[in-house]
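# Inside the fold
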Amino acid sequence: MNKELEHSFVELLEKHQNIAHKVCRLYTNNLDAHNDLFQEITIQLWKAYPKFRGDAKFSTWMYRVGLNTAITLYRKNKRRVNTQDFDAVQFKIKAEDYDDTEEEQLKLLYKAVHQLNDIEKALVFLYLEDKNYREISETMGISEVNARVKMNRIKTKLRTILNP
Amino acid sequence: MDGLDILKKDWQKDNTAYPKHSYNEIYKMILKKSSSIVKWIFIISLLEFVFWTLISFFLKDTKSMQRFEQFDADTILIPLAIIGYVVLAYFFYIFFRNYRTISATDNAKVLMENILKTRRAVKQYVGFNLIYLVIATVVVLFIEFDQDQQLINQAQQASANGDVFKFYATIIITTAIFLAIAIGLLLLFYWLVYGILLGRLNKNYTELKKLEV
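Residues numbered from 1 in each chain as written. Chains lettered and ligands numbered in written order. Predicted model: local features only at pLDDT ≥ 70, side-chain atom pairs only at ≥ 80, totals over all residues.

## Section: the overall build of chain A
Across its full length, chain A holds 8 helices and 0 strands. Across chain A, helices and strands are ordered from the amino to the carboxyl terminus as α-α-α-α-α-α-α-α. Within chain A, the proportion of its 164 residues that are buried is 37%. Of the contacts made within chain A by residues no fewer than 6 positions apart, 65% connect residues no fewer than 24 positions apart. (Helix = DSSP H or I, 4+ residues; strand = E, 2+ residues; numbered from the N terminus. Buried ≥ 20, exposed ≤ 12 C-beta atoms within 10 Å, placed from the backbone. Contact = placed C-beta atoms within 7 Å.)

## As for the overall build of chain B
A count of helices and strands for chain B gives 8 helices and 0 strands. In chain B, the succession of α and β elements from N to C terminus is α-α-α-α-α-α-α-α. For a compact globule of 213 residues, the expected C-alpha radius of gyration is about 17 Å, and chain B comes in at 27 Å, more than 25% above that figure. If you line up chain B on its principal axes, its C-alpha atoms span 95 × 40 × 30 Å. Residues counted as buried form 15% of the 213 residues belonging to chain B. (Rg over C-alpha atoms; globule rule 2.2 N^0.38 Å.)

## Quick notes on helix α5 (residues 100-115) of chain A
Residues and elements named next belong to chain A. The end-to-end C-alpha distance of α5 is 23 Å, a good match for the 22 Å that 16 residues give at a rise of 1.5 Å each. Buried within α5 are the following residues: L109, Y110, A112 and V113. Seen end-on, α5 carries its buried residues on one side only, within an arc spanning 160°. Projecting away from the buried face of α5 at angles above 90 degrees are the exposed residues D100, E104 and Q115. (Expected span 1.5 Å × (residues − 1). Arc of directions from axis to C-beta.)

## Here's the deal with unusual backbone geometry
For D130 of chain A, which is not a glycine, the phi torsion comes out positive at approximately 65°. With respect to the helices, strands and loops of the structure, D130 of chain A is situated in the loop between α6 (118-128) and α7 (133-140).

## Some points on the packing of helix α2 (residues 31-48) of chain A against helix α3 (residues 58-73) of chain A
All names here are of chain A. Where α2 contacts α3, the two axes come as close as 9 Å, and the packing angle between them is 125°. With respect to α3, the axis of α2 lies oblique. Here the hand of the crossing between α2 and α3 comes out right-handed. Contacts between α2 and α3 pair L37, E40, I41, Q44, L45 and A48 from the former with M62, V65, G66, T69, A70 and L73 from the latter. Per-class residue counts for the contact of α2 with α3 are 8 nonpolar, 3 polar and 1 charged. (Axes fitted to C-alpha atoms, helices over the stretch in contact; angles between N-to-C directions. Parallel < 35°, antiparallel > 145°, perpendicular 65-115°, else oblique. Left-handed = near helix turned anticlockwise from the far one by under 90°. Nonpolar A, V, L, I, M, F, W, Y, C, P; charged D, E, K, R; others polar.)

## Topic: the interface of chain B and chain A
Listed by partner, the interface residues are 43 residues for chain B and 52 residues for chain A. Elements with a contribution of two residues or more to the side of chain B that touches chain A: α1 (3-13), α2 (23-31), α3 (37-61), α6 (108-147) and α8 (164-212) of chain B. Considering each element in turn, the side of chain B that touches chain A owes the most residues, 8 residues, to α1 of chain B. Its residues placed into classes, the side of chain B that touches chain A shows 24 nonpolar, 12 polar and 7 charged.

## Thoughts on the nonpolar core
Ranked by size, the top nonpolar core spans 63 residues in total, and within it V23, L67, A122 and L123 of chain A together with A108 of chain B carry the most contacts. When residues in this core are grouped by element, the largest group, 9 residues, is from helix α1 (residues 2-27) of chain A. Of the domains in this structure, domain 1 (1-88) and domain 2 (93-164) of chain A are the two that each give at least three residues to this core. If we ignore the near neighbours within four places in the chain, the residues touching A122 of chain A are L67, I71 and M140 of chain A together with A108 of chain B. (Core = buried A, V, L, I, M, F, W, Y, C linked by C-beta atoms within 7 Å. Domains from an automatic or database assignment.)

## Topic: the confidence of the model for chain B
Residue and element names in this part refer to chain B. Per-residue pLDDT for chain B has a mean of 86; in total, 97% of the residues score no lower than 70. Mean pLDDT in chain B bottoms out at helix α4 (residues 63-68), which sits at 68, and peaks at α2, which reaches 93. Two summary scores accompany this predicted model of the complex, namely pTM at 0.83 and ipTM at 0.85. (pLDDT = per-residue confidence, 0-100.)

## Comments concerning the domain arrangement of chain A
Residues and elements named next belong to chain A. The domain boundaries assigned to chain A delineate domain 1 (1-88) and domain 2 (93-164). Every contact between the two is made by 11 residues of domain 1 and, on the other side, 12 residues of domain 2. For the side of domain 1 that touches domain 2, the elements supplying multiple residues, two or more each, are α1, α3 and α4 (86-89). With 4 residues, α3 is the largest single contributor of residues to the side of domain 1 that touches domain 2. Partitioning the side of domain 1 that touches domain 2 into residue classes produces 8 nonpolar, 1 polar and 2 charged.

## Side note on the environment of A108 of chain B
For A108 of chain B, the position within the fold is in helix α6. Through-space distance from the C-alpha of A108 of chain B to that of Q156 of chain B is 66 Å; in sequence the pair is 48 residues apart.

## Focus on the packing of α6 of chain A against helix α8 (residues 144-162) of chain A
Residue and element names in this part refer to chain A. At a minimum axis distance of 10 Å, the contact between α6 and α8 shows a crossing angle of 95°. By the angle class used here, α6 and α8 are roughly perpendicular. When α6 is examined against α8, the residues E120, L123, V124 and Y127 are found in contact with a partner set consisting of A147, K150, M151 and I154. Across the contact of α6 with α8, the residue classes break down as 6 nonpolar, no polar and 2 charged.

Next comes the structure, spelled out in structure tokens:
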């Protein structure tokens, strides 16, 4: 039974692992920290898996556990001090799709998102993942109206960062 | 198009080269131990319960306490001890009950609240112990003055020399300083441990609460 559970879990996570990687991308800024957080998300998902009911989508369920781990459960490792420019080094955007200004703009945007606080990052993450405000509010435990208000503030904040 | 939508367009293209873990790599990961703050809170809280229980046992075994037991003070000491154990049991139960409600599948706010609630039970227990420490010290001091022949003799001696005020003042001030140092050290310890452990959680919880206003 336990083996079956392990097998089904690992298979599902292998398939959906990008969700966890995306969370790590927003909350960490070097590969070591990324892997550390990914590891912790995996453990938290696995611990919660016996209670996972098939009626919720595995991916939806992953958003919640992944964000909870990043915001609340994960203990940031203080040993590492080197921070590298994130996207430029680790996850090189495939450059042929972009012209220079677009790429420059994206770099600035990713950098700006990295400067947001943990809660703002969570909202941005869900927004980028095309979640609607109901889902955002359910994941964060705030009202839909407040989620909307906060998103607008974040948009303004990012706009000012881009056009000072 | 505003900044976030440019970002979203790029994000949705999903052309980022994320690491790709194999089945075996993920399997190895689930065998590893978590290092989440919940685990640390659990360990530290248990240590706190053990620490305070041990303290009360050690105090009982000291020479002065054994001498103390000869005094006629059971009517005060036994209820004090019983209260101590009942309160320990109560807070331990609350702590466990709250700990079991912590679940990574709750929404972010509920998860934070449940963690903070678990901590609160331990915090209240520590607070109780500090107050208990002060009350017990005062009670013990009263009984000593009332029944310890050696101390009574010293007091009479001081009284005969006209130093009675100095005599009592020295004892009370020494006790107060000792208590203040002990409590100060404990509070410093808590401030450091929980500042490190819960600082980020408190910050994020405040941020979420702020959205509600």
